Amino acid sequence: MSDWFFKRGRREGVDWMALDSRLDSSLSEFWSRCKDLWDAGSSFFARFKLTGWRRLLSEAGSECFTLAAGGFFVLYALALPAFLEFDEGRFLTGKYSVKFLDAGGNELGQRGILHNDAVPLEEIPDAVIKATLATEDRRFFEHFGVDILGTARALMENLRANNVVQGGSSLTQQLAKNLFLSSERSIDRKIKEAFLAFLLETRFTKREILKLYLDRAYLGGGAFGVEAASQFYFGKSVREVNLAEAALMAGLYKAPTSYAPHINLPASRARTNEVLQNLVEAGFYTPAQVHEARLHPAQIVETRATTSPDWFLDWAFEEVQRLAEGKNQYVLTARTTVDLTMQKQADEALITFLKQRGRGLRMNSGALVAMETDGAVRAMVGGPDYGESQFNRATHARRQPGSSFKIYVYAAALENGYKPNQLVRDSSPTCGRWHPQNYGGSHGSGGRMPMWMALAKSLNTVAVQLSLAVGREKVIELTQRLGITGIRKSCSMALGDYGITPLEHVGGMATFANGGKSSRPYGILDIVNSRGELVYSRERDEPEPAQVISEEVAAGMNQMMQKVVTDGTAQKAALDFTNVIGKTGTSTGPKDVWFVGATGKYVAGVWLGNDDNRPMASGNTGGQLAAPLWHSFMSVAHRDMNIPTLPGLPPHPVQVAEMQRIAELKRTNPAAAAAELGVAKAISPTMSTSARDALKRITTALRKAAGVAEPPPGAPPASPTPINGQPADPARPEPRGNRADARPDSFQGFSRSAQNSAVSPSSLAARSNDTPAPRTTP
């Protein structure tokens with residue numbers, strides 16, 4: 001039997017006795033050293049042995065240190081969630097407050113929250129600050145974020161009343177809640193609030209915390225901060241408020257929805273009296289000083305403008321949010337492109353039409369958009385009544401464009417080699433199992449005709465043929481270039497089976513009217529923040545418009561679309577004083593009727609229908625309903641004869657005759673020509689009366705200082721400033737940088753010129769109803 005202690009090749013086994021001896025000696029030596037170290041340590045610490053009161057003091061200190069260490073870890077565990085909530089980015093409300101101006105600087109209205117932090121603390125009246133401190137935190141400048149005494153006093157008062165009658169939160173705690181936390185009532189929120197208050201006190205001075213509170217507190221009516229609340233309730237800056245008004249605002253901190261004067265005036269007055277009493281109790285005012293405020297309480301003003309272009313402002317607010325995204329600027333002022341005169345005319349045109357004819361036609365809704373050919377939106381009507389429904393049908397309603405969509409099909413055909421005079425056949429093609437029909441039910445006559453005639457007659461068969469011949473993908477790609485979204489490939493795509501918004505449709509038409517350049521609709525010229533710093537400028541930040549379709553294609557489309565107005569389905573849209581291009585559209589039912597058209601100066605689109613998509617009275621078309629409405633609006637929208645010529649079309653005879661007449665009048669009687677052209681409007685008509693008067697006074701003073709005599713009232717003006725070295729030509733479009741701020745001249749010059757030519761304003765209005773009926777309907 002082999003011994004497992006031995007292996008083959010080994011000469012000897014393990015010496016277990018030596019191994020055991022070495023292990024025992026090592027352990028004994030280690031133990032001996034440990035005892036020596038213990039004895040040395042005991043001898044050393046024996047020197048510090050305490051007895052009596054010294055030992056008691058040492059034990060107490062040791063226990064306190066242990067408890068402090070444990071308390072630190074507990075506080076850290078409680079404070080960590082609060083510190084995670086702290087984010088200086090939340091000092092900004094994250095909600096936009098935008099004031100809108102027209103191109104001349106006149107205020108139009110406001111959107112978003114009401115917020116303005118532009119007033120420094122030094123300019124806020126003492127009455128506002130003292131009313132705030134007396135009501136919310138009288139010991140604000142004495143505590144370090146949490147008022148222990150104030151909290152204890154509030155707790156005793158609440159226990160005595162068996163109800164919550166006083167709040168224990170300091171002003172800093174309220175600011176922490178407003179900036180970082182919700183309004184839930186929980187122990188967790190109160191703990192976070194306290195730690196965040198400590199953190200705010202270490203990061204900011206008392207004056208900075210007070211300014212933040214006055215700017216961020218919600219005071220009802222959508223107003224954040226005392227400046228916005230003062231503008232909302234009193235129609236003036238917080239710099240101008242008196243004691244009664246300051247007390248009213250200070251009473252809103254507790255419960256703005258309960259004490260807002262426009263909601264519950266008696267409760268607001270009672271709360272204001274409480275604030276005035278607090279001012280006396282805090283020693284800030286005497287009873288005699290607050291007596292006047294009790295006798296003459298604050299008066300609330302109605303701030304909503306009755307003439308506000310609400311549909312346009314709603315859309316402009318969306319544009320501002322898009323343009324300002326990511327710039328951490330929320331209190332903004334935006335200058336817009338809206339023309340209040342055109343806006344009023346558009347409102348009246350649509351509302352009058354719906355009131356007079358809507359019931360009989362079984363329609364109750366509509367939209368109208370008007371812009372310049374570069375995309376500057378001048379007027380927008382999003383529905384029949386903004387007070388009843390704020391849904392903006394001009395920007396958000398996607399309705400079937402019907403035959404008005406055919407302009408994009410024909411444009412794609414021109415891009416792929418077709419010509420306006422090229423012959424096409426009126427026959428129904430096959431797409432799967434579907435065959436298009438023309439209006440009236442026929443599948444085509446089989447005859448041949450020029451493309452422009454097929455568009456003028458709005459033949460469905462030819463439009464579908466062209467879409468299939470050039471490729472529906474190319475049609476979709478062209479619409480995307482023009483800013484139209486949501487179009488999908490289908491057999492009936494050429495007939496407008498997918499919905500688009502009126503704003504998109506008008507923007508697409510504007511591309512043809514301006515010669516093929518991109519004309520995405522825009523309503524914002526520039527944006528500044530509350531400090532007056534420029535945040536966005538269209539002229540600075542936007543690139544030059546791209547040439548999205550060739551000039552030849554744009555000219556060809558304009559020639560064909562003019563035939564739609566002169567010889568086709570849109571004859572009721574024709575204007576006697578300038579060329580018009582456009583296209584009618586009618587969806588199945590009919591549920592939607594359209595007309596989208598343009599002159600050399602303005603592009604406008606009209607949609608009529610029902611919000612619930614119910615069909616209107618049968619037999620009605622875009623040429624019969626939308627085109628006359630478009631005509632009535634555009635007849636008054638053009639206030640002078642300064643209308644550029646549409647690309648591809650010759651100048652209108654009336655415009656040529658008018659320019660010749662004015663040129664002759666300038667030669668024979670310069671003073672009369674100057675008066676007729678309204679040269680006295682050297683100051684922009686978009687300016688307010690006060691601004692215009694101020695500029696006149698400045699001009700007069702400068703003339704006197706320079707020793708220059710005032711010109712006589714009938715003196716001719718200086719020659720117009722050349723554009724790019726060339727004399728100004730009223731028929732030429734202005735450069736892009738000037739078009740956005742351009743305002744139409746007065747109607748006076750146009751009316752006089754029309755009286756001396758073949759057209760008069762009265763005839764323009766009269767002919768809207770006696771224009772020959774269209775030969776065919778879409």
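Residues numbered from 1 in each chain as written. Predicted model: local features only at pLDDT ≥ 70, side-chain atom pairs only at ≥ 80, totals over all residues. Heavy atoms only, no water.

Attention shifts here to helix H11 (residues 265–281). For H11, with 17 residues, the first-to-last C-alpha span of 24 Å sits near the 24 Å given by 1.5 Å per residue. Check the buried side of H11 and you find it contacts helix H3 (126–136), helix H9 (243–250), helix H10 (256–259) and helix H12 (287–295). At the C-terminal side of H11, glycine 283 shows a positive phi close to 85°. (Helix = DSSP H or I, 4+ residues; strand = E, 2+ residues; numbered from the N terminus. Expected span 1.5 Å × (residues − 1). Contact = heavy atoms within 4.5 Å.)

To continue, consider the sheet that holds strand S13 (residues 592–598). Sheet architecture is open: five strands sit in the order S7-S6-S14-S13-S12, paired in antiparallel fashion. Each having just a single partner strand, strand S7 (377–381) and strand S12 (581–586) make up the two edges of the open sheet. Taken over all neighbouring pairs, the strand axes of this sheet differ in orientation by 5° on average, direction set aside. The pairing of S13 with strand S14 (residues 602–609) spans seven bridges and is classified as antiparallel. Directly across from alanine 598, in S14, lies its bridge partner valine 603. Contacting strand S6 (365–372), S7 and S14, helix H14 (residues 340–361) crosses the sheet at an angle of about 30° to S7. (Pairing = 2+ DSSP bridges. Axes fitted to C-alpha atoms, helices over the stretch in contact; angles between N-to-C directions.)

Between helix H16 (residues 406–415) and helix H18 (residues 460–470), whose axes approach to 9 Å, the crossing angle comes to 45°. Here H16 lies oblique to H18, going by the angle between them. As for how H16 packs across H18, the hand of that crossing is left-handed. Across the interface between the two elements, Lys406, Val409, Tyr410, Ala412 and Ala413 of H16 pack against Asn460, Val462, Ala463, Leu466, Ser467 and Val470 of H18. (Parallel < 35°, antiparallel > 145°, perpendicular 65-115°, else oblique. Left-handed = near helix turned anticlockwise from the far one by under 90°.)

With that out of the way, let us pick up the confidence of the model for the chain. The predicted model of the chain has a mean per-residue pLDDT of 81, with 78% of residues at 70 or higher. Throughout residues 679–691 the model reports pLDDT below 50, and contacts reaching past four residues in sequence, or to other chains, amount to 21 contacts. Scored below 50 in pLDDT, residues 712–778 makes 130 contacts in the model with residues more than four places away or belonging to other chains. (pLDDT = per-residue confidence, 0-100.)

Going through the model one piece at a time under the given rule, you end up with one cavity of 30 Å³ or more. Size it by volume and the largest cavity reaches roughly 40 Å³. Residue composition of the lining of the largest cavity, by class: five nonpolar, six polar and no charged. (1 Å grid on protein atoms, 1.4 Å probe; cavity = no way out; pocket = protein on both sides within 12 Å on 5 of 7 lines; lining within 4 Å. Points joined across faces, edges and corners; volume = space filled by probe spheres on them. Nonpolar A, V, L, I, M, F, W, Y, C, P; charged D, E, K, R; others polar.)

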